[in-house]
Amino acid sequence: MAKSESTTRNNVDSLNVDFMRSLVKQYSELGQWTSAFFWADAAAASSGSAVASGDDIWLLASAMLARGELHRAAHAVTSRGLHRRHLLCLGVAMRAYIAAKEPTTTLNLLEECDPALLDPRSMDQTHNRALAGVLVWQARALSSLERREAAAEALTAALRADCACYEALDLLLEQHALTPSQESELIESLPINNQMSASEATLLRAAFRDRLRRYAPLPVQMHDDGAKSAVDAARARSAAAAEARGRRLAAGGEWAEALRALDAAGPWSCAEVRAACLVELKRSAELFAFAHALVDAYPQSWTAWYAVGCYYYLIGKSEFARRYLSKACGLEAGAGCVWLAYGHSFAADNEHDQAMAAYFKASQLMPGCYLPPLYVGVECSLLNNVSMCERFMARAAALHGNAESGDACDGDADSRGWERIARGVASPHVAHEAGVAAFAANRPDAARALWLRALAAAGPAERLGPCWAATMDALGHASRALGRPAEALRWHARALALRPARASSLAARGLCLALLGREAEAADALHAALARDPDHVVALALLDAIVDRLDAALTEEEIPQFPFPAVTLEPPPELSERPADGADRTDRDVSDMSMSFD
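Residues numbered from 1 in each chain as written. Predicted model: local features only at pLDDT ≥ 70, side-chain atom pairs only at ≥ 80, totals over all residues. Heavy atoms only, no water.

**Student:** So what's going on with helix α20 (residues 318-331)? Residues and values would help.
**Tutor:** Its 14 residues place the ends of α20 20 Å apart at the C-alpha level, agreeing with the 20 Å of an ideal helix rising 1.5 Å per residue. Those residues of α20 not exposed but buried are Ser318, Ala321, Arg322, Leu325, Ala328 and Cys329. Buried residues in α20, looked at end-on, bunch into an arc of 115°, giving them a common side. In α20, the exposed residues that point more than 90 degrees away from the buried face are Glu319 and Gly330. Residues of α20 that are buried in the fold lie against α19 (302-314) and α21 (336-348). (Helix = DSSP H or I, 4+ residues; strand = E, 2+ residues; numbered from the N terminus. Expected span 1.5 Å × (residues − 1). Buried < 20%, exposed > 50% of the residue type's maximum accessible area, 1.4 Å probe, protein only. Arc of directions from axis to C-beta. Contact = heavy atoms within 4.5 Å.)

**Student:** Got a sec to walk through the packing of aromatic side chains? Specific residues and values, please.
**Tutor:** In total, this model carries 15 aromatic pairs according to the counting rule given. Note on phenylalanine 288 and tyrosine 311: the rings are 5.3 Å apart at their centroids and 55° apart in plane angle, and the pair reads as tilted. Placement of phenylalanine 288 in helix α18 (residues 284-297) and of tyrosine 311 in helix α19 is noted, with a sequence separation of 23 residues between them. For phenylalanine 288, a relative accessible area of 43% corresponds to the partly exposed category. What links up through ring pairs into an aromatic cluster is the set Phe288, Trp305, Tyr311, Tyr312, Phe320 and Tyr324. Cation over ring: arginine 140 sits above tryptophan 137, and NZ or CZ is 5.5 Å from the ring centre. A cation sits over an aromatic face here: lysine 327 above tryptophan 305, 3.8 Å from the ring centre. (Phe/Tyr/Trp six-rings, centres within 6.5 Å; stacked < 30°, edge-to-face > 60°. Lys NZ or Arg CZ within 6 Å of the ring centre and 35° of its normal.)

**Student:** Kindly report on helix α16 (residues 255-265), identifying the contributing residues and their values.
**Tutor:** Listed in full, the buried residues belonging to α16 are Trp255, Ala258, Leu259, Ala261, Leu262 and Ala265. Buried residues of α16 fall within an arc of 165° about the axis and therefore sit on the same side. Buried residues along α16 sit in contact with α15 (239-251) and α17 (271-281).

**Student:** Give me the lowdown on the nonpolar core, citing residues and values where you can.
**Tutor:** Counting residues in each nonpolar core, the largest one holds 83 residues, and the members touching the most others are Tyr306, Val338, Trp418 and Ile421. No other element matches α19, which puts nine residues into this core. Beyond its immediate sequence surroundings of up to four residues, valine 338 is in contact with Trp302, Tyr306, Leu325, Ala328 and Cys329. Counting 64 residues, the second-largest nonpolar core is a separate cluster that includes Ala63, Ala93, Val134 and Leu135. (Core = buried A, V, L, I, M, F, W, Y, C linked by side-chain atoms within 4.5 Å.)

As structure tokens, then:
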């Protein structure tokens, strides 16, 4: 009996710490954070020494962080000084302070850390992955303090330390911290082949390439012979590839196709892109339901309130739109697309100065994106500031097309500036807006060249969507201004083929027909335009002028005389003639025709 008690006491005294750690990992994978916390605490207390190991404290602090105990998790690390010498513990403490919205404290932890701990190791990729995570959290803290250049450097260092850290690339691209040329150079310089096998390296390069080409149009789908590599098949089935496809389709103006691609990735994926597509398609009811679902599910996410702001912008309530967009900015100060929508709401109310201020703020948040300078250029054109408009359009063209952003502002705005933009622009949207500005500056020749460039950059003619009908109508206006009404008529016909029965296109077609001397056809086209929009001012004025012209031409000619056929009237029969029987037919019995009022 004594021997049995001794054996039981030895089994109790010797705790299996490795088993406890395995339990922590299993419960963490299952999402049972309270159980994970219990066994992590037990493992840290049973490590057999007065001071728990860094790995056990890392498991304990991770469980605390998952339970929402932010400061308790950070204290578990900092009270033991593990943030100075243990990289995983440093990362957990930084995550806790970032979640608690204390970015300054997060950066102070890095200053107290051993500098040698933050150096990458060529023969220890596990260390490098932990280092990449620390650098990502450093970049988030720097972005919260609006130190965006330092944040971009931290993300670049994270990618170099661990090429598989997709989060670092995603943050770089979402913030537009680098220009397109800098992004391409960074991806080409990464030691991907040295850190993983050939097949995984091919998969990663394909994912990076799709993300970098977020503004490039999709290539024409060739005939699929069914032979696909394992990498291509995996990419075709992945949600990341569907999201990248949706982004590229939305950037190319194919919003319905973009929504279908995003549906393949999931109804909650890329909420900001989905909201923008619904705005462009004017699906207010669907956008309302989507925004309502986002607010119910994720009230602390900036994308939820951004979708609400987009809904109010779509229905024309700019004041409400700005209210909810401000709430989105409060949740995520670095969301540049929110400031773009904020500027659009001011532009819809013709408040150009405030719109430009919002676009400038977006430009600070997204220094590598071409959209903020593009919209600033549009506002400058509306304010008749041609020189500044040209400079911002050139900057937008340079940012879109793998050129250094500083090159766009070189040179004076002269008569050859629009031609320089037309030669270098690669974005159809930039080319279209630059053409509008050039046409407003009385440069129809430059506008025509820019609009032709826009159609060429938009893709093959047979694949152009209805959104490019406006560019074809604009080409018709430019051709008419250059004295080419026949060419203008062809452009308007192509616009009507893409977007049939549009009142403005029909009115422009009627004007071209009138200039060609085909007044009757012009009147028919204007009548069709007024049938679509009875208040179309241009069509009303043109129709009045054409009808007056037709009336004037008619009065100058001799009115034709139409002969009437001869009509012979026979006289009535003689009253003296009576019937043979001698009866008086005028004497009739009308008693049955009397009316009774009884």
